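Spelled out from the first residue to the last, the chains are:
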Amino acid sequence: MQDWKDKYASYIHKQQASPPEPEPEPAGGSKLTGELKSDLPELQARLGENGDLVVRDFLLFGAYPAAMLFFSSLVNMEQVREHVLKPLMAPPPAQLEVPEDTGAMIHYIWSTAVQVTQGTTTADLSALPQAAVKGDLILLIDGIPEALRMAMRQIEMRGVEQPQTEQVIRGPREGYVEKLENNLSLLRYRLQSTDFRIEISPLGARTQSRVALCYIDSVTDSSLVAEVMRRISLIHTDGILDAGYIEQFIEDQPLSPFPQVQSTERPDKTVAALLEGRVAILVDGSPFALIVPALFNQFFQTVDDYTERFIMGSLIRIIRLIALASSLFFPALYVSVISFNPELLPTDFAVAISGGRAGVPFPAVLEVLIMEVSMEVLREATIRLPQMIGGALSIVGVLVIGQAAVGAGLASPITVVIVALTTIGSFATPAYNAAIALRMLRFPLILLAGMFGLYGVMIGTILILNHLLFLESFGVPYMSPYIPGKWRDLKDTLVRVPLWWMRRRPSFLHVRDTDRLPRSVPAAEIDQILRQGDETDE
């Protein structure tokens, strides 16, 4: 085998030599000639020099010259040897005669020799390199101007594990992996419906990443599916390495801090969205699925809200929303009250705060900003470091930012408490991208509070609400179902009503089948009363 020094010298020599002019492709692509001596070198030249490219010459059935070409990194070598190469090299059984006709020979190989589930034939030589890099085996036979492509792609992946970013107390423990087939099988396992549709096409000029579009045909609005397909079709880039790449191309307002596409690692969450009439997008190589349209309300709901009884789920959801509001407004309200309106505080509390801030040389707004930036730096460093070091860093950081900052006179104890409560509140936000949006908006609110007091907080809040009302996700208002309000859709917002009360799917998705529960199901007395109230409200 050529060592690295020779490889380096050869590579430099090629780079310094003038590149040959590429020959123009004939109309319709180049065709196989049927001569192995010319087709195989041409195919090798198009694939270039690769360390994992395997070219195996052999005698087909012990009599016909043939060659097989594939990438060893994309297939299971044991399966290739046992199920393809071994039966092709063995002589045919005595009772069978190998036909010499071109079409009959390929049919004989496919029906009696190889043990492969998917395959096709092609006479287009220009299509074979792309098939090889996707994991197909290419079989060329001397005298036959057609190649047999056999799908043998197999890549080792990690097993199905619990999602790292969406853990639940009560619910499934399975999450997506990087392989698209595994992720689609997880969806098929949960959604055993003949109406479940999966559209798969490659995307990315160089990566050719397979992108799957999933929806339920009898539920999802056809115009929504068409719009998602249209936006994906407009993507022209050289590589799609993760679902996040697609999200940045298809969202309505890329400059908004609020996410307009929901990402999830959970198959059960994806299936729930599909049953509501949404569309899911999966990318080969990404353990995340994208769900569209995504509304403000979705980013603060978890699977636990639905697996627990509705009273407990609603209570947890309300607590989560309180934490959300505190993480956004708490520092700004603190700065505005301390700086402009201390008379709003009880006298004893105001005296205690004033005593705590006696040795702090900074104004309240600068003090809070310093502590918030320190917490953001600590949080980012903890995430990026290995888990063993990250735990130690978080302990050291908390000691430095807390006790040491107060002792050094850089911050008052009440400021440390405010920043700590704000940070804990931001951790309660289930969606990571939504939590980042709130963290971003916290800083301008603090600055407005430092300049204009409570008026500044009010102005900032109005601007944020106006921006939320302006946003849309695939034609659906971002603040739906709050604005425009409709009683039927408000059953799963601030609180969650019982599942048997949510008989209809969300109206703002314009689904084709509106009923979750069939109307013919006999209802209990209390259910009958609630359903009557539902129909009256509509």
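> Let's hear about the pairing of strand β4 (residues 136-141): which residues, and what values?
Across the six residues that make up β4, a large majority, six, are buried. Along β4, one buried face is formed by Asp136, Ile138 and Leu140 and the opposite face, lined by Leu137, Leu139 and Ile141, is buried too. Taken together, β4 and the strand that follows it, strand β5 (residues 147-151), pair antiparallel across an intervening segment of five residues, in which Gly143 is found at a positive phi of about 95°.

> Describe a nonpolar patch on the surface, listing the residues and the values that go with them.
Together, Leu447, Met451, Phe452, Tyr455, Met458, Ile459, Ile462 and Leu463 line one region of the surface with nonpolar side chains, adding up to about 850 Å² of accessible area. Of all elements in the fold, only α16 (432-452) and α17 (454-470) reach the threshold of two or more residues within the nonpolar patch. Topologically, Ile462 is positioned in helix α17.

> Can you explain the side chain of Gln298? Please cite residues and give values.
Secondary-structure assignment places Gln298 in the loop between β10 (289-292) and α10 (304-307). Apart from residues no more than four positions distant in its own chain, Gln298 is found in contact with Gln262, Arg278, Ile291 and Pro293.

> How would you explain unusual backbone geometry if you had to name every residue and give the values?
Across the junction of Val292 and Pro293, the peptide omega takes the value -10°, indicating a cis bond. With respect to the secondary-structure elements, Pro293 resides in the loop between β10 and α10. Look at the link from Ser480 to Pro481: it is a cis peptide, with omega at 0°. Residue position: Pro481 is located in the loop between β12 (476-477) and α18 (525-537). Located in the positive-phi region is Phe61, a residue other than glycine, with phi close to 55°. Note that Phe61 resides in the loop between β1 (53-60) and β2 (64-71). The exposure class assigned to Phe61 is buried, which follows from its relative accessible area of 7%. Here the phi dihedral of His510 falls at roughly 50°; this positive angle occurs in a residue that is not glycine.

> Summarise the sheet that holds β2; cite the residues concerned and give the values.
Spatially, five strands are ordered β1-β2-β4-β5-β3 in an open sheet, and the strand pairing comes out antiparallel. At either end of the open sheet lies a strand with only one pairing partner, and these are β1 and β3 (119-122). With direction set aside, neighbouring strand axes in the sheet form an average angle of 20°. Two strands pair when backbone bridges link them, and β4 and β5 are joined in this way by five bridges, in the antiparallel orientation.

> Describe the pairing of β5, with residues and values.
As paired elements, β3 and β5 share four bridges and run antiparallel to each other. The residue bridging Gly119 from the neighbouring strand is Met150, located in β5.

> Any chance you could break down the packing of aromatic side chains for me, citing the residues and the numbers?
Applying the stated rule across the entire model yields five aromatic pairs. Taking the centre distance of 6.4 Å and the plane angle of 55° together, the rings of Phe258 and Tyr478 count as tilted. Pair noted here: Phe258 is in the loop between α8 (243-250) and β8 (262-264) and Tyr478 is in the loop between β12 and α18, with a separation of 220 residues, a long-range link. Look at Tyr478 and you get buried, because its relative accessible area is 1%. Arranged with centres 6.3 Å apart and planes meeting at 65°, the rings of Phe296 and Tyr478 form a pair that is edge-to-face. Of this pair, Phe296 sits in the loop between β10 and α10 while Tyr478 sits in the loop between β12 and α18, placing them 182 residues apart in sequence. Classification of Phe296 by relative accessible area gives buried; the value is 16%. Ring pairing ties together the aromatic residues Phe258, Phe296, Phe300 and Tyr478, which thus form one cluster. Above the plane of the ring of Phe474 lies Arg231, whose end atom (NZ or CZ) is 4.0 Å from the centre.

> Run through the packing of helix α13 (residues 364-384) against α16, naming residues and quoting values.
Across the interface, α13 lies against α16 with an axial gap of 10 Å and an inter-helix angle of 160°. Classified by the angle their axes make, α13 and α16 are roughly antiparallel. Crossing geometry of α13 relative to α16 is assigned as left-handed. Of α16, the residues touching α13 (which contributes Val365, Val368, Leu369, Glu372, Val373, Glu376, Arg379 and Ile383) are Tyr432, Arg439, Arg442, Phe443, Ile446, Leu447 and Gly450. Taken together, the residues that form the contact of α13 with α16 break down as nine nonpolar, one polar and five charged.

> Quick rundown of the layout of surface pockets? Include the residues and the values.
Put simply, the second largest pocket is a space of about 950 Å³. Around the second largest pocket, the lining is made up of 36 residues, and of these Ala272, Glu276, Tyr306, Asp492 and Arg516 lie nearest the centre. Sorting the residues of the lining of the second largest pocket by element identifies α9 (267-276) and α10 as the ones contributing at least two each. At seven residues, the largest contribution of residues to the lining of the second largest pocket is made by α9. Split by residue class, the lining of the second largest pocket holds 15 nonpolar, eight polar and 13 charged.

> Hey, could you go over the environment of Gly244 for me, with residue numbers and the actual values?
Here Gly244 shows up in helix α8. With relative accessibility at 22%, the residue Gly244 sits in the partly exposed group.

What counts and what doesn't
- Residues numbered from 1 in each chain as written.
- Predicted model: local features only at pLDDT ≥ 70, side-chain atom pairs only at ≥ 80, totals over all residues.
- Heavy atoms only, no water.
- Buried < 20%, exposed > 50% of the residue type's maximum accessible area, 1.4 Å probe, protein only.
- Helix = DSSP H or I, 4+ residues; strand = E, 2+ residues; numbered from the N terminus.
- Pairing = 2+ DSSP bridges.
- Patch = residues over 30% accessible without salt bridge, like charges linked within 9 Å, V, L, I, M, F, W, Y side chains within 5 Å.
- Areas by Shrake-Rupley, 256 points an atom, 1.4 Å probe, with all protein chains shown as cover.
- Salt bridge = Lys/Arg side-chain N within 4 Å of Asp/Glu carboxyl O.
- Contact = heavy atoms within 4.5 Å.
- Axes fitted to C-alpha atoms, helices over the stretch in contact; angles between N-to-C directions.
- Phe/Tyr/Trp six-rings, centres within 6.5 Å; stacked < 30°, edge-to-face > 60°.
- Lys NZ or Arg CZ within 6 Å of the ring centre and 35° of its normal.
- Parallel < 35°, antiparallel > 145°, perpendicular 65-115°, else oblique.
- Left-handed = near helix turned anticlockwise from the far one by under 90°.
- Nonpolar A, V, L, I, M, F, W, Y, C, P; charged D, E, K, R; others polar.
- 1 Å grid on protein atoms, 1.4 Å probe; cavity = no way out; pocket = protein on both sides within 12 Å on 5 of 7 lines; lining within 4 Å.
- Points joined across faces, edges and corners; volume = space filled by probe spheres on them.

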